[in-house]
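Spelled out from the first residue to the last, the chains are:
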Amino acid sequence: MSFLPKIFPVNCYFVEENDDLTLIDAGMPFSFKGIVHMAAKIGKPIRRIVLTHAHEDHVGALDALRKEFPDVIVYISGRDAPLLGGDTSLLPTEPNVPIRGSVPRKVTTKADVFLRDGDRIKSLLAVDAPGHTPGSMAFLDTRNNILIAGDAFQTRGGVAVSGKLKPWFPFPAMATWHKPTALESAKKLCDLRPSVLAVGHGIMLENPLAAMIKAINEWEVGPNLGQPHTTKE
Ligand SMILES: [Zn+2]
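The structure displayed is predicted, hence computed values, not measured ones.

Caption draft 1: How the structure looks around the sheet that holds strand β1 (residues 13-16). Read from one edge of the open sheet, five strands run β1-β2-β3-β4-β5, paired in mixed fashion. Since the sheet does not close on itself, it has two edges, and those belong to β1 and β5 (113-115), each with one partner. Neighbour-to-neighbour, the strand axes of the sheet open up by a mean angle of 25°, direction not taken into account. Summarising the sheet, strand β4 (residues 73-77) and β5 pair through three bridges and their orientation is parallel. Each residue of the ladder has a partner; that of Tyr75, found in β5, is Val113. Helix-sheet contacts for helix α1 (residues 31-42) involve β1, β2 (21-24) and β3 (46-50), and the interaxial angle to β1 is about 25°.

Caption draft 2: Representation of the coordination of the zinc ion within the structure. For the zinc ion, the full set of protein donor atoms is His53 (NE2), His55 (ND1), His132 (NE2) and Asp151 (OD), at a range of 2.1 to 2.4 Å. The coordination sphere of the zinc ion comprises four donor atoms, whose angles at the metal cover 85 to 171°; the geometry is irregular. Look at where the donors of the zinc ion fall in the sequence and you get H-x1-H-x76-H-x18-D. With a gap of 79 residues between them, His53 in the loop between β3 and α2 (56-59) and His132 in the loop between β7 (124-128) and β8 (137-141) connect regions that are remote in the sequence.

Caption draft 3: Structural detail: the pairing of β3. The element β3 is largely enclosed, with a buried count of four among its five residues. Of the pairings in the sheet, the one linking β2 to β3 comprises four bridges and is parallel in character. Bridge pairing in β3 links Leu21 to Ile46. Each parallel crossover has a hand, and for β2 linked through α1 to β3 it is right-handed. As paired strands, β3 and β4 are joined by three bridges and run parallel to one another. Residue Arg48 lies in a different strand from β4, and its bridge partner there is Ile73.

Caption draft 4: The arrangement of the nonpolar core in detail. Judged by nonpolar contacts, the single largest core of 27 residues is most densely connected at Ile46, Ile49 and Leu62. Residues in contact with Leu62, not counting those within four places in the same chain, are Ala26, Ile49, Leu51, Val74, Leu84, Val107 and Thr109. In this structure, Leu140, Val161, Ile213 and Ala215 belong to the second largest nonpolar core, which totals 22 residues.

Caption draft 5: Expanded view of unusual backbone geometry. Positive phi, normally seen in glycine, also occurs at Asn145, with a value near 60°. By the secondary structure assignment, Asn145 is in the loop between β8 and β9 (146-148). Residue classification places Asn145 among the partly exposed residues on the basis of a relative accessible area of 26%. In this model, Arg193 sits at a positive phi of 50°, which is unusual for a non-glycine residue. Inspection of the secondary structure assignment puts Arg193 in the loop between α6 (179-190) and β12 (196-198).

Caption draft 6: View of the pattern of salt bridges. Throughout the structure, instances matching the rule amount to ten salt bridges. A salt bridge links Arg66 to Asp112; its shortest N-O distance comes to 2.7 Å. A residue pair is termed long-range when its members are at least 10 positions apart, and Arg66 in helix α3 (residues 62-68) and Asp112 in the loop between α4 (81-84) and β5 qualify at 46 residues. Here Lys187 makes a salt bridge to Glu184, at a shortest N to O gap of 3.8 Å. Of the two residues, Lys187 and Glu184 both sit in helix α6, three residues apart, roughly one turn of that helix. The buried category is assigned to Lys187, whose relative accessible area is 16%. Three or more residues joined by partner-sharing salt bridges are found here, namely Glu17, Asp141 and Arg143.

Calculation criteria
Residues numbered from 1 in each chain as written. Predicted model: local features only at pLDDT ≥ 70, side-chain atom pairs only at ≥ 80, totals over all residues. Heavy atoms only, no water. Pairing = 2+ DSSP bridges. Helix = DSSP H or I, 4+ residues; strand = E, 2+ residues; numbered from the N terminus. Axes fitted to C-alpha atoms, helices over the stretch in contact; angles between N-to-C directions. Contact = heavy atoms within 4.5 Å. Donors = N, O, S within 2.8 Å, 3.2 Å for Na, K, Ca; no water. Tetrahedral: all angles 85-135°; square planar, octahedral: opposite > 155°, others 65-115°. Buried < 20%, exposed > 50% of the residue type's maximum accessible area, 1.4 Å probe, protein only. Right-handed = clockwise from strand over helix to strand, strands pointing away. Core = buried A, V, L, I, M, F, W, Y, C linked by side-chain atoms within 4.5 Å. Salt bridge = Lys/Arg side-chain N within 4 Å of Asp/Glu carboxyl O.

Given below as structure tokens:
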């Protein structure tokens with residue numbers, strides 16, 4: 001399988017299935033060419049585009065890709081689907097803090113499938129990971145336990161939970177909607193015990209569990225203080 005981080009400093013990923021490709025996130029508008037080129041290089045068609053969340057830097061090439069590949073199926077969480085269309089209203093059950101970050105204003109593509117926690121997209125398992133946006137999702141490749149976490153974590157500027165400001169790359173933290181929710185999601189993702197952590201911003205990390213736990217503990221209590229977070233057996 002190919003698992004290729006694409007465009008710096010925003011990543012998108014190809015997940016290779018037997019006959020085709022799933023693209024996770026659609027980068028910036030200028031990412032279009034690179035995505036098409038890479039798919040051709042792998043030699044399989046892009047059949048699915050799965051979005052981790054509806055921020056502009058993750059959906060930039062979506063309309064162009066839909067135009068190029070009209071049959072592609074677009075997936076996003078039911079909760080972030082309205083956000084993809086620019087609707088920032090909150091649900092009555094949600095913490096009453098405004099959604100942050102660059103919400104798309106001009107994306108015309110509508111998702112075909114509204115994902116729920118536990119859904120499968122070929123080899124991928126969809127996992128609710130709200131906090132960065134209300135409907136953020138992460139995707140676990142069930143063949144190898146590689147986790148594509150979107151902006152629930154970042155590794156650029158140091159491994160961090162969404163919402164924890166890393167001075168060398170503060171943008172994901174600045175764009176995070178609700179930090180306590182993001183922290184709960186980070187713990188949940190830790191419990192998946194990923195073999196690799198792949199994120200929207202930063203490098204892929206192999207054997208990331210210790211770094212993820214450290215990031216959670218830093219977030220909660222500051223460095224080197226308090227009870228370490230341990231994962232479920
Ligand atoms: Zn984001």
